[in-house]
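# Coordinate inspection notes
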Amino acid sequence: MESKGTNPAHVSIRKPVLILGGFGSTNSDFDPLIEKMKSWCSPICVLLPEGSIDVVTEKIFHFLETFSLGTIPIIGYSMGGRIALELARCHPELFQKVICLSSRVKTKKFDHASRALFEQKVAEKLSHLPTDLFFKWWYALPIFGGFFPSEESLKAKIAIGSKTLLNQFQNLSILEQRPFDKPFKQPVHLIYGAKDPLYIEMEDCFKDSPEPIFLHNLKDSGHLVHLEQPSQLAVLLQKVLE
């Protein structure tokens, strides 16, 4: 498990905020956002470790145990948002707010069959395409709205390797996740790019929800909100976390 911006446990961290990466995330993906956040908090960026959902959540929990952070907000991008929700479900005492960036969650309206077909297609691409061609296909998907990560970021993602990427995609699949049907003690904020089809889908799912769930959208952004609109996202996060 890789982390960025971490400090030894005996060092006091001012306003710590945990950020979890998503599928194929690298530390450099979050550099623009972290740079914008550093003036008002101390972001701790963690890339998802290997393992099943339960294993990953416990690894991150034990990682947090090495710090004296108190109750903190947790932010997760896409797949990382779903892991953030699992952490909050299992260890509610650790987190004051949960913020999911571009995350699909397993609601009652979740189309299991359609998702299974999509994940099968992704697995086939990862198994048979060179990793660079996989990412060319991946970022051409409609959810990304035509936005590609930088050359530097793509090189770092390619270096992860197709086998590791495939294991991560399958082990942390939304198909393996518990339904989003239990009340959360913490407020849950769902943030989407206005061009991300997930925004309309999740808005429809939660419009009548009695839970403490709040939806936000960022203009001129697709799925990669932290790369496309880091300044706009940082301003929104500061408001949400105040």
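Residues numbered from 1 in each chain as written. Predicted model: local features only at pLDDT ≥ 70, side-chain atom pairs only at ≥ 80, totals over all residues. Heavy atoms only, no water.

This brings us to the side chain of Lys157. Mapped onto the secondary structure, Lys157 falls in helix 6 (residues 151-160). Taking relative accessible area as the criterion, Lys157 reaches 2% and is therefore assigned buried. In this structure the side chain of Lys157 is engaged in a polar contact, spanning 2.6 Å, whose partner is the side chain of Asp29. Those residues in contact with Lys157 that lie beyond four places of it in its chain are Gly24, Ser25, Thr26, Asp29, Phe135, Tyr139, Pro149 and Leu165. (Helix = DSSP H or I, 4+ residues; strand = E, 2+ residues; numbered from the N terminus. Buried < 20%, exposed > 50% of the residue type's maximum accessible area, 1.4 Å probe, protein only. Polar contact = N/O pair within 3.5 Å; in protein donor to acceptor, adjacent residues only side chain to side chain. Contact = heavy atoms within 4.5 Å.)

This part covers helix 4 (residues 112-128). With 17 residues, helix 4 extends 24 Å between its outermost C-alpha atoms, agreeing within 8% with the 24 Å of an ideal straight helix rising 1.5 Å per residue. Along helix 4, the positions that sit buried rather than exposed are Arg115, Glu119, Val122, Ala123 and Leu126. In an axial view of helix 4, the angular spread of the buried residues amounts to 100 degrees, which keeps them on one side of the axis. Every exposed residue of helix 4 that faces more than 90 degrees away from the buried side is listed here: Ala113, Leu117 and His128. (Expected span 1.5 Å × (residues − 1). Arc of directions from axis to C-beta.)

Our next topic: the nonpolar core. Of all hydrophobic cores here, the largest spans 77 residues; its most connected members are Leu18, Leu20, Met37 and Trp138. In this structure Met37 touches Val17, Ile19, Pro43, Ile75, Ala234 and Leu237, once residues within four positions along its chain are discounted. (Core = buried A, V, L, I, M, F, W, Y, C linked by side-chain atoms within 4.5 Å.)

Another point: the pattern of salt bridges. Taken as a whole, this structure holds eight salt bridges when the rule is applied. Among the salt bridges present, the one from Glu201 reaches Arg104, with a minimum N-O distance of 2.8 Å. In this pair, Glu201 sits in helix 8 (residues 197-206) while Arg104 sits in the loop between strand 5 (95-101) and helix 4, placing the two residues 97 residues apart along the sequence. The partly exposed category is assigned to Glu201, whose relative accessible area is 28%. Given a relative accessible area of 22%, Arg104 falls into the partly exposed group. A single salt-bridge network, built from bridges that share partners, covers Asp54, Glu86, Arg89 and Arg178. (Salt bridge = Lys/Arg side-chain N within 4 Å of Asp/Glu carboxyl O.)

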